[in-house]
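Structure at a glance
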Amino acid sequence: MLAQLFRRDPRRAAVEASYRRIVERAREPIFYNGWGVPDTLDGRFEVLAVHAFLVLHRLRGEGEAAAVFAQALFDTLFVDMDRGLREMGVGDLGVGRRVKDMAKAFYGRIVAYEKGLVDDAALAAGLSRNLFGTVKPSAPQLALAAHYLKAQAAALRTEPLVALLAGDVGFALMEGG
């Protein structure tokens, strides 16, 4: 019984590995230096949100195990947001409200990007409004971001579910970076 207390939960480890992979990809300098996404707290949240969306989108409709994994991944994302805000010095009273606002914003991104995967105009509008946020992207920047999102969604569709549930998120290689 004591050994069970210290044993690592393989599902938890897989969720953490997936989240680490999402964060690693979201930190790629090309998004900020090459694409023009603002290198700000908001810009970094947006790039993270795109990648979390991509993984959650892939898991959608894949059964109970995938749904449980997706919820754990979502929870991990927002526990990390909470931790990050606290590290930046946001007071206890403000953290909960800000994390709640971020979660609502993330749900909005999910809706926009889901719609955008089947409607190019909706995708361009969603990326312009969210990913680029405070800056006006050029047409090539917007086209690159839309192509990237669709290419990553397609690449993740080819990933075996068992690999994703083991924490092996296979984002496609990035063009030009």
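Residues numbered from 1 in each chain as written. Predicted model: local features only at pLDDT ≥ 70, side-chain atom pairs only at ≥ 80, totals over all residues. Heavy atoms only, no water.

What follows covers empty space enclosed by the protein. This structure, assessed with the given rule, holds one cavity of 30 Å³ or more. By volume, the largest cavity amounts to about 50 Å³. Counted by class, the lining of the largest cavity contains nine nonpolar, one polar and no charged residues. (1 Å grid on protein atoms, 1.4 Å probe; cavity = no way out; pocket = protein on both sides within 12 Å on 5 of 7 lines; lining within 4 Å. Points joined across faces, edges and corners; volume = space filled by probe spheres on them. Nonpolar A, V, L, I, M, F, W, Y, C, P; charged D, E, K, R; others polar.)

This next bit is on the packing of helix 4 (residues 41-59) against helix 8 (residues 139-157). Close contact between helix 4 and helix 8 brings their axes to 9 Å; oriented N to C, the two are set at 35 degrees. In this structure, helix 4 crosses over helix 8, and the sense of that crossing is right-handed. In this structure, helix 4 contributes V50, H51, F53, L54, V55 and R58 to the contact, and helix 8 contributes Y148, L149, Q152, A153, L156 and R157. (Axes fitted to C-alpha atoms, helices over the stretch in contact; angles between N-to-C directions. Helix = DSSP H or I, 4+ residues; strand = E, 2+ residues; numbered from the N terminus. Left-handed = near helix turned anticlockwise from the far one by under 90°. Contact = heavy atoms within 4.5 Å.)

Where helix 7 (residues 120-131) meets helix 8, the axes come as close as 10 Å, and the angle between the chain directions of the two elements is 110 degrees. Here helix 8 runs roughly perpendicular to helix 7, going by the angle between their axes. Contact residues: helix 7 offers D120, L123, A124, L127, S128 and L131, while helix 8 offers L142, A145, A146, L149 and K150. Its residues assigned to classes, the contact of helix 7 with helix 8 comprises eight nonpolar, one polar and two charged. (Parallel < 35°, antiparallel > 145°, perpendicular 65-115°, else oblique.)

Considered as a void within the structure, the largest pocket measures approximately 630 Å³ in volume. When contributions to the lining of the largest pocket are tallied by element, the ones reaching two or more residues are helix 2 (10-26), helix 4, helix 5 (64-87) and helix 6 (92-116). With six residues, helix 5 is the largest single contributor of residues to the lining of the largest pocket. Residues of the lining of the largest pocket, tallied by class, amount to twelve nonpolar, one polar and eight charged. Here the second largest pocket defines a volume of roughly 240 Å³. The wall of the second largest pocket is formed by 15 residues, among which L56, H57, R60, A70 and I110 lie closest to the centre. At the level of secondary structure, the elements contributing two or more residues to the lining of the second largest pocket comprise helix 4, helix 5 and helix 6. If one sorts the elements of the lining of the second largest pocket by residue count, helix 5 sits on top with five residues. Residue composition of the lining of the second largest pocket, grouped by class: nine nonpolar, four polar and two charged.

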